[in-house]
Amino acid sequence: MLITAIPPRSRTGSFGGFLMDWCARRRADLGPVTARTAVARVLPRGRRGATAVEFALVFPIFMLFTGMIMENGILLFQQAMLDNATADAARLIRTGQIQLAGGAATPFTTQLCNDVGLLIPCANIQYNVRAAATFAGLSNTVTTDGNGKLTNTQFTPGTPGQDVLVQVAWNRPYIIPWVGNIVSSSGSSLMISTIAFRNELYQ
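Residues numbered from 1 in each chain as written. Predicted model: local features only at pLDDT ≥ 70, side-chain atom pairs only at ≥ 80, totals over all residues. Heavy atoms only, no water.

## Digging into the UniProt feature "transmembrane region" (unreviewed entry) in the protein
Here comes step 1: Sites flagged by UniProt as "transmembrane region" (unreviewed entry) map to residues 51-70.
Here comes step 2: The span residues 51-70 is 100% helix and 0% strand, and its two end C-alpha atoms sit 27 Å from each other. (UniProt positions renumbered as here; feature names shortened; annotations may be inferred. Helix = DSSP H or I, 4+ residues; strand = E, 2+ residues; numbered from the N terminus.)

Take a look at the structure:
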């Protein structure tokens, strides 16, 4: 449908006539008004909901990246704590303090629990300590069961001059569940710290 402008008629002498003449000239300047041009003139003004729609599209992606950054940051911090705790507990074996005290694992686990603090539950820490005459006789292969627990574990601190392998692990659940579901099918990951050394010639 095409709407053409009506030629202006002289309406001088009154404000109403002046207004009608101005409207007619304005319509002529805009050109013919069709259904397409009428819609095009109206649509750009209806943007009141655009911000809400854009926010709804971007917000889930933003939360995903934010959650993964936070989760990985906490994971790296806990891994550093586990590494430090393993090194401190292994020092008790290397210097012979545990062997001279009877060879029980109690001082070893106590040192681990004191170092990890509250961020890693002490009751869930697993360890595997093996000794051999040479490093070639030690295997650092990690085997777990269906629940993420270490299998074939033992506590053998060794004798003076023997080589020792210490492994400390924690099956860490993800703090943000939906991040854990994306990264791991079980919702948890096995954190492990390994250290190998030769016992000192203590007496």
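## Some details on the nonpolar core
Here comes step 1: Judged by nonpolar contacts, the single largest core of 21 residues is most densely connected at Ile 93, Phe 108, Leu 112, Val 129, Phe 155, Val 166 and Val 168.
Here comes step 2: Listing elements by their share of this core, those giving two or more residues are α3 (50-94), α5 (106-116), β1 (125-132), β2 (163-173) and β3 (188-198).
Here comes step 3: Counting residues per element, this core draws most heavily on α3, at six residues.
Here comes step 4: Beyond its immediate chain neighbours, meaning those up to four positions away, Val 129 contacts Ile 93, Phe 108, Gln 154, Phe 155, Thr 156, Pro 157, Val 164, Leu 165 and Val 166. (Core = buried A, V, L, I, M, F, W, Y, C linked by side-chain atoms within 4.5 Å. Buried < 20%, exposed > 50% of the residue type's maximum accessible area, 1.4 Å probe, protein only. Contact = heavy atoms within 4.5 Å.)

## Remarks on the state of the cysteines
Note: disulfide means a covalent bond formed between the sulfur atoms of two cysteine side chains.
Here comes step 1: Under the defined criterion, the tally for this structure stands at one disulfide.
Here comes step 2: Sulfur-sulfur distance for the disulfide between Cys 113 and Cys 122 comes to 1.4 Å.
Here comes step 3: Residue classification places Cys 113 among the partly exposed residues on the basis of a relative accessible area of 25%.
Here comes step 4: Overall, Cys 122 belongs to the partly exposed group, its relative accessible area being 33%. (Disulfide = S-S within 2.5 Å.)

## Overview of unusual backbone geometry
Here comes step 1: You will see that Asn 152, though not glycine, has its phi angle at about 55°, which is positive.
Here comes step 2: When you line up the elements, Asn 152 lands in the loop between β1 and β2.
Here comes step 3: Residue class for Asn 152 comes out exposed when judged on its relative accessible area of 60%.

## Re the side chain of Gln 99
Here comes step 1: Mapped onto the fold, Gln 99 is located in helix α4 (residues 97-100).
Here comes step 2: Judged by its relative accessible area of 15%, Gln 99 is buried.
Here comes step 3: Here Ile 93 takes part through its backbone oxygen, which lies 3.1 Å from a polar atom of the side chain of Gln 99. (Polar contact = N/O pair within 3.5 Å; in protein donor to acceptor, adjacent residues only side chain to side chain.)

## Points about the pattern of salt bridges
Here comes step 1: Inspection of the entire model under this criterion finds three salt bridges.
Here comes step 2: Its salt-bridge partner being Arg 91, residue Asp 88 comes within 3.0 Å of it at the nearest N-O pair. Here the residue Asp 88 and the residue Arg 91 both occupy positions in helix α3, the gap between them amounting to three residues, near one helical turn.
Here comes step 3: Looking at Asp 88, the relative accessible area reads 25%, which means it is partly exposed.
Here comes step 4: A salt bridge links Arg 198 to Asp 163; the shortest N-O distance between them is 2.7 Å. You can see Arg 198 sitting in strand β3 and its partner Asp 163 sitting in strand β2, a full 35 residues away along the chain.
Here comes step 5: For Arg 198, a relative accessible area of 48% gives the class partly exposed.
Here comes step 6: Exposure remark for Asp 163: the relative accessible area of 0% places this residue in the buried category. (Salt bridge = Lys/Arg side-chain N within 4 Å of Asp/Glu carboxyl O.)

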